Amino acid sequence: MQVAGADVWKGRWVVVVLEDGRFDRSFVAPTIVEAVSELTGAAAIGIDMPIGLPHDGARRPADVAAREFVGPRRNSVFFTPSAEVLDRATLTEANGLARSQGWSGITAQAFALKKQILAVEPVAVADERIWEVHPEVSFAEASGATLEWPKSCWNGVALRRGILEAQGVVLPDDLGPGGVAAVADVLDAAIAAWSAARIAGGRGRSFREDAQRIGAIWR
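Here we summarise the structure given alongside this text. (Residues numbered from 1 in each chain as written. Predicted model: local features only at pLDDT ≥ 70, side-chain atom pairs only at ≥ 80, totals over all residues. Heavy atoms only, no water.)

Here we look at the overall build of the protein chain
- Per the secondary structure count, the protein chain includes nine helices and seven strands.
- Counting only C-alpha atoms and orienting by the principal axes, one finds that the protein chain spans roughly 50 × 35 × 35 Å.
- Each of the 219 residues in the protein chain was classed as buried or not, and the buried ones make up 51%.
- Look at the contacts in the protein chain between residues 6 or more apart in sequence, and 62% of them connect residues 24 or more apart.
- Surface accessibility of the protein chain: about 10000 Å² in total, with carbon and sulfur atoms responsible for 52%.
- Here the protein chain carries 23 positive and 27 negative side-chain charges, and the mean point of each set is 4 Å from the other. (Helix = DSSP H or I, 4+ residues; strand = E, 2+ residues; numbered from the N terminus. Buried < 20%, exposed > 50% of the residue type's maximum accessible area, 1.4 Å probe, protein only. Contact = heavy atoms within 4.5 Å. Areas by Shrake-Rupley, 256 points an atom, 1.4 Å probe, with all protein chains shown as cover. Lys, Arg positive; Asp, Glu negative; His and termini not counted. Charge placed at Lys NZ, Arg CZ, Asp CG, Glu CD.)

What about the nonpolar core?
- Counting 32 residues, the largest nonpolar core has W13, V15, I32, L39, I47 and I130 as its most contacted members.
- Each residue touching I32, except ones within four places of it in the same chain, is listed here: W13, I47, A119, V120 and V123.
- V157, I191, A193 and A197 belong to the second-largest nonpolar core, a separate cluster that totals 31 residues. (Core = buried A, V, L, I, M, F, W, Y, C linked by side-chain atoms within 4.5 Å.)

Considerations on the sheet that holds strand β5 (residues 130-132)
- Within the open sheet, the five strands sit side by side as β3-β2-β1-β4-β5. Their pairing is mixed. Looking at which strands have only one partner, the edges of the open sheet turn out to be β3 (22-29) and β5. The sheet shows a mean angle of 25 degrees between the axes of neighbouring strands, direction not considered.
- In this sheet, β5 lies alongside strand β4 (residues 44-47) in parallel orientation, the contact comprising three bridges. Its bridge partner lying in β5, I47 is registered against E132.
- Against the sheet, helix α9 (residues 183-200) contacts β1 (2-9), β2 (12-19), β4 and β5, and its axis sits at roughly 145 degrees relative to β1. (Pairing = 2+ DSSP bridges. Axes fitted to C-alpha atoms, helices over the stretch in contact; angles between N-to-C directions.)

Thoughts on the pairing of β3
- Two strands pair when backbone bridges link them, and β2 and β3 are joined in this way by seven bridges, in the antiparallel orientation. Across the sheet, L18 pairs through a bridge with F23, a residue of β3.
- Hairpin remark: β2 followed by β3, antiparallel, with two residues in the connecting loop; positive phi at D20, about 50 degrees.

So, the layout of surface pockets
- For the largest pocket, the calculated volume is near 690 Å³.
- Only β1, α5 (108-112), α7 (135-143) and α9 provide two or more residues apiece to the lining of the largest pocket.
- Among the residues making up the lining of the largest pocket, the classes are represented as 13 nonpolar, nine polar and 12 charged. (1 Å grid on protein atoms, 1.4 Å probe; cavity = no way out; pocket = protein on both sides within 12 Å on 5 of 7 lines; lining within 4 Å. Points joined across faces, edges and corners; volume = space filled by probe spheres on them. Nonpolar A, V, L, I, M, F, W, Y, C, P; charged D, E, K, R; others polar.)

Quick notes on the packing of aromatic side chains
- Within the structure shown, the criterion is met by two aromatic pairs.
- Look at W131 and W218: their rings are 4.8 Å apart centre to centre, the planes differ by 80 degrees, and that puts the pair in the edge-to-face class. Taken together, the positions of W131 in strand β5 and W218 in strand β7 (residues 217-218) put the pair 87 residues apart, joining distant regions of the chain. W218 matches W131 in its accessibility class, with the two residues each being buried.
- Here the basic side chain of R160 rests over the ring of F139, its NZ or CZ set 5.7 Å away from the ring centre.
- Here R219 stacks its cationic end above the ring of F207, 4.1 Å away from the centre of that ring. (Phe/Tyr/Trp six-rings, centres within 6.5 Å; stacked < 30°, edge-to-face > 60°. Lys NZ or Arg CZ within 6 Å of the ring centre and 35° of its normal.)

Some words on helix α4 (residues 91-101)
- Along α4, the residues that are buried comprise A94, N95, L97 and A98. Buried residues of α4, seen end-on, are gathered within an arc of 155 degrees and therefore sit on one face of the element. Among the exposed residues of α4, those oriented more than 90 degrees off its buried face are T92, R99 and S100.
- Buried residues along α4 sit against α3 (83-86) and α5.
- At the exit of α4 stands G102, carrying a positive phi of roughly 75 degrees. (Arc of directions from axis to C-beta.)

So far we have only geometry, and geometry alone does not tell us how the molecule works.
See below:
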(Lines give C-alpha, C1' and ligand atoms only; values in the text may rest on other atoms or scores of the structure.)
Protein backbone atom coordinates (compact mmCIF):
# COMPACT_ATOMS: atom_id res chain seq x y z
CA MET A 1 0.00 0.00 0.00
CA GLN A 2 1.32 3.41 -0.96
CA VAL A 3 0.75 6.55 1.12
CA ALA A 4 2.32 10.00 1.26
CA GLY A 5 2.93 12.94 3.57
CA ALA A 6 3.42 16.57 2.54
CA ASP A 7 4.81 19.62 4.33
CA VAL A 8 5.40 23.19 3.19
CA TRP A 9 9.03 24.17 2.65
CA LYS A 10 9.92 27.65 1.37
CA GLY A 11 6.54 28.04 -0.29
CA ARG A 12 6.76 24.65 -1.95
CA TRP A 13 5.75 21.16 -0.87
CA VAL A 14 8.17 18.44 0.14
CA VAL A 15 6.57 15.01 -0.15
CA VAL A 16 7.65 11.67 1.32
CA VAL A 17 6.12 8.50 -0.14
CA LEU A 18 5.95 5.22 1.79
CA GLU A 19 5.32 1.81 0.27
CA ASP A 20 4.05 -0.76 2.78
CA GLY A 21 5.34 1.43 5.60
CA ARG A 22 8.85 1.85 4.20
CA PHE A 23 10.49 4.80 2.48
CA ASP A 24 9.93 4.71 -1.26
CA ARG A 25 10.76 8.16 -2.64
CA SER A 26 10.55 11.89 -2.03
CA PHE A 27 10.10 14.94 -4.19
CA VAL A 28 9.35 18.67 -4.13
CA ALA A 29 6.37 20.24 -5.94
CA PRO A 30 5.57 23.93 -6.46
CA THR A 31 1.87 23.61 -5.49
CA ILE A 32 -0.37 21.20 -3.67
CA VAL A 33 -2.20 20.47 -6.92
CA GLU A 34 1.05 19.39 -8.58
CA ALA A 35 2.07 17.37 -5.52
CA VAL A 36 -1.21 15.45 -5.49
CA SER A 37 -1.04 14.88 -9.26
CA GLU A 38 2.15 12.86 -8.68
CA LEU A 39 0.43 10.66 -6.10
CA THR A 40 -2.11 8.81 -8.18
CA GLY A 41 -1.21 5.51 -6.51
CA ALA A 42 -1.49 6.78 -2.92
CA ALA A 43 -4.30 5.39 -0.78
CA ALA A 44 -4.06 8.34 1.65
CA ILE A 45 -2.17 11.63 1.79
CA GLY A 46 -1.39 13.37 5.07
CA ILE A 47 -0.96 17.12 4.78
CA ASP A 48 0.48 19.43 7.41
CA MET A 49 -1.93 22.27 6.79
CA PRO A 50 -5.32 23.27 8.25
CA ILE A 51 -8.28 21.98 6.25
CA GLY A 52 -11.57 23.57 7.20
CA LEU A 53 -11.45 27.18 8.41
CA PRO A 54 -13.50 28.42 11.38
CA HIS A 55 -15.60 31.56 11.12
CA ASP A 56 -16.20 34.65 13.25
CA GLY A 57 -12.99 34.25 15.23
CA ALA A 58 -13.91 30.85 16.65
CA ARG A 59 -11.27 28.30 17.61
CA ARG A 60 -11.45 24.81 16.16
CA PRO A 61 -11.91 22.11 18.82
CA ALA A 62 -9.29 20.06 16.96
CA ASP A 63 -6.63 22.72 17.54
CA VAL A 64 -7.44 23.02 21.24
CA ALA A 65 -7.28 19.24 21.72
CA ALA A 66 -4.08 18.87 19.68
CA ARG A 67 -2.30 21.57 21.70
CA GLU A 68 -3.19 19.76 24.91
CA PHE A 69 -2.03 16.43 23.45
CA VAL A 70 1.49 17.63 22.55
CA GLY A 71 2.09 19.23 25.96
CA PRO A 72 5.40 21.15 25.91
CA ARG A 73 5.25 21.43 22.12
CA ARG A 74 1.82 23.13 22.23
CA ASN A 75 3.07 26.33 20.61
CA SER A 76 3.87 24.34 17.47
CA VAL A 77 0.12 23.84 16.96
CA PHE A 78 -1.16 27.26 15.97
CA PHE A 79 -4.84 28.11 16.15
CA THR A 80 -6.33 27.99 12.65
CA PRO A 81 -7.22 31.56 11.62
CA SER A 82 -10.81 32.28 10.72
CA ALA A 83 -11.82 32.69 7.10
CA GLU A 84 -12.59 36.37 7.61
CA VAL A 85 -9.10 37.10 8.94
CA LEU A 86 -7.39 35.25 6.08
CA ASP A 87 -9.55 37.16 3.61
CA ARG A 88 -7.64 40.37 4.43
CA ALA A 89 -4.83 41.44 2.10
CA THR A 90 -2.19 42.19 4.73
CA LEU A 91 -1.24 41.08 8.22
CA THR A 92 -2.00 44.56 9.54
CA GLU A 93 -5.50 44.47 8.09
CA ALA A 94 -6.08 40.95 9.39
CA ASN A 95 -5.12 41.86 12.94
CA GLY A 96 -7.05 45.12 12.69
CA LEU A 97 -10.19 43.14 11.91
CA ALA A 98 -9.47 40.72 14.75
CA ARG A 99 -9.05 43.54 17.26
CA SER A 100 -12.22 45.29 16.10
CA GLN A 101 -14.22 42.10 16.61
CA GLY A 102 -12.59 41.01 19.86
CA TRP A 103 -11.02 37.94 18.22
CA SER A 104 -7.55 36.54 18.74
CA GLY A 105 -5.00 37.93 16.28
CA ILE A 106 -2.95 36.02 13.75
CA THR A 107 0.83 35.63 13.83
CA ALA A 108 3.07 36.63 10.94
CA GLN A 109 4.06 32.96 10.56
CA ALA A 110 0.46 31.83 10.20
CA PHE A 111 -0.45 34.67 7.84
CA ALA A 112 2.56 33.82 5.66
CA LEU A 113 0.90 30.44 5.02
CA LYS A 114 -2.26 32.10 3.71
CA LYS A 115 -1.65 31.08 0.09
CA GLN A 116 -1.08 27.43 1.00
CA ILE A 117 -3.99 27.28 3.46
CA LEU A 118 -6.44 28.66 0.92
CA ALA A 119 -5.09 26.40 -1.83
CA VAL A 120 -5.36 23.17 0.16
CA GLU A 121 -9.03 23.15 1.17
CA PRO A 122 -10.63 22.91 -2.31
CA VAL A 123 -8.18 20.18 -3.26
CA ALA A 124 -8.97 18.27 -0.07
CA VAL A 125 -12.72 18.65 -0.52
CA ALA A 126 -12.43 17.19 -4.01
CA ASP A 127 -10.03 14.37 -3.07
CA GLU A 128 -11.09 12.11 -0.19
CA ARG A 129 -7.55 10.72 0.11
CA ILE A 130 -6.34 13.96 1.71
CA TRP A 131 -6.29 14.25 5.50
CA GLU A 132 -5.07 17.02 7.77
CA VAL A 133 -2.30 15.95 10.13
CA HIS A 134 0.08 17.77 12.44
CA PRO A 135 3.66 16.45 12.72
CA GLU A 136 4.10 17.12 16.43
CA VAL A 137 0.82 15.33 17.13
CA SER A 138 1.89 12.39 14.97
CA PHE A 139 5.35 12.17 16.54
CA ALA A 140 3.77 12.16 20.01
CA GLU A 141 1.35 9.43 18.91
CA ALA A 142 4.15 7.35 17.39
CA SER A 143 6.39 7.64 20.46
CA GLY A 144 3.67 7.32 23.06
CA ALA A 145 4.94 10.42 24.84
CA THR A 146 5.31 14.17 24.41
CA LEU A 147 8.56 15.31 22.82
CA GLU A 148 11.16 16.97 25.01
CA TRP A 149 13.10 18.72 22.24
CA PRO A 150 11.90 21.03 19.44
CA LYS A 151 12.60 20.01 15.86
CA SER A 152 14.87 23.03 15.33
CA CYS A 153 17.75 21.61 17.41
CA TRP A 154 20.12 18.66 16.95
CA ASN A 155 18.56 16.68 19.79
CA GLY A 156 15.13 17.25 18.28
CA VAL A 157 16.20 15.98 14.86
CA ALA A 158 17.80 12.87 16.38
CA LEU A 159 14.72 12.24 18.51
CA ARG A 160 12.36 12.43 15.53
CA ARG A 161 14.53 10.26 13.30
CA GLY A 162 14.62 7.70 16.07
CA ILE A 163 10.84 7.72 16.37
CA LEU A 164 10.45 7.23 12.63
CA GLU A 165 12.97 4.40 12.58
CA ALA A 166 11.20 2.67 15.45
CA GLN A 167 8.10 2.70 13.24
CA GLY A 168 10.03 1.23 10.29
CA VAL A 169 10.45 4.51 8.42
CA VAL A 170 14.18 4.76 7.74
CA LEU A 171 15.13 7.83 5.72
CA PRO A 172 18.20 7.21 3.54
CA ASP A 173 21.13 9.60 3.38
CA ASP A 174 20.23 10.30 -0.25
CA LEU A 175 16.54 11.16 -0.44
CA GLY A 176 16.61 11.95 -4.14
CA PRO A 177 14.73 15.07 -5.30
CA GLY A 178 13.22 15.70 -1.87
CA GLY A 179 16.66 15.89 -0.30
CA VAL A 180 17.00 19.58 -1.15
CA ALA A 181 14.43 20.45 1.52
CA ALA A 182 15.24 21.36 5.11
CA VAL A 183 15.72 18.47 7.52
CA ALA A 184 12.80 19.44 9.79
CA ASP A 185 10.40 19.64 6.84
CA VAL A 186 11.48 16.23 5.51
CA LEU A 187 10.92 14.72 8.96
CA ASP A 188 7.49 16.37 9.15
CA ALA A 189 6.54 15.00 5.72
CA ALA A 190 7.73 11.54 6.74
CA ILE A 191 5.66 11.41 9.93
CA ALA A 192 2.69 12.79 7.99
CA ALA A 193 3.06 9.81 5.67
CA TRP A 194 3.19 7.52 8.72
CA SER A 195 -0.15 8.95 9.86
CA ALA A 196 -1.52 8.52 6.34
CA ALA A 197 -0.64 4.82 6.53
CA ARG A 198 -2.56 4.52 9.80
CA ILE A 199 -5.55 6.27 8.25
CA ALA A 200 -5.50 4.10 5.13
CA GLY A 201 -5.28 1.02 7.35
CA GLY A 202 -8.31 2.08 9.38
CA ARG A 203 -6.23 2.85 12.49
CA GLY A 204 -6.24 6.63 12.30
CA ARG A 205 -7.59 8.66 15.21
CA SER A 206 -8.79 12.23 15.21
CA PHE A 207 -9.30 15.27 17.36
CA ARG A 208 -12.21 15.18 18.15
CA GLU A 209 -12.98 11.47 18.23
CA ASP A 210 -16.34 11.95 16.48
CA ALA A 211 -14.89 14.24 13.81
CA GLN A 212 -15.45 14.14 10.09
CA ARG A 213 -12.48 14.18 7.68
CA ILE A 214 -12.60 17.95 7.13
CA GLY A 215 -11.94 20.15 10.16
CA ALA A 216 -10.15 17.48 12.20
CA ILE A 217 -6.50 16.73 12.94
CA TRP A 218 -5.66 13.08 12.32
CA ARG A 219 -2.92 10.91 13.73
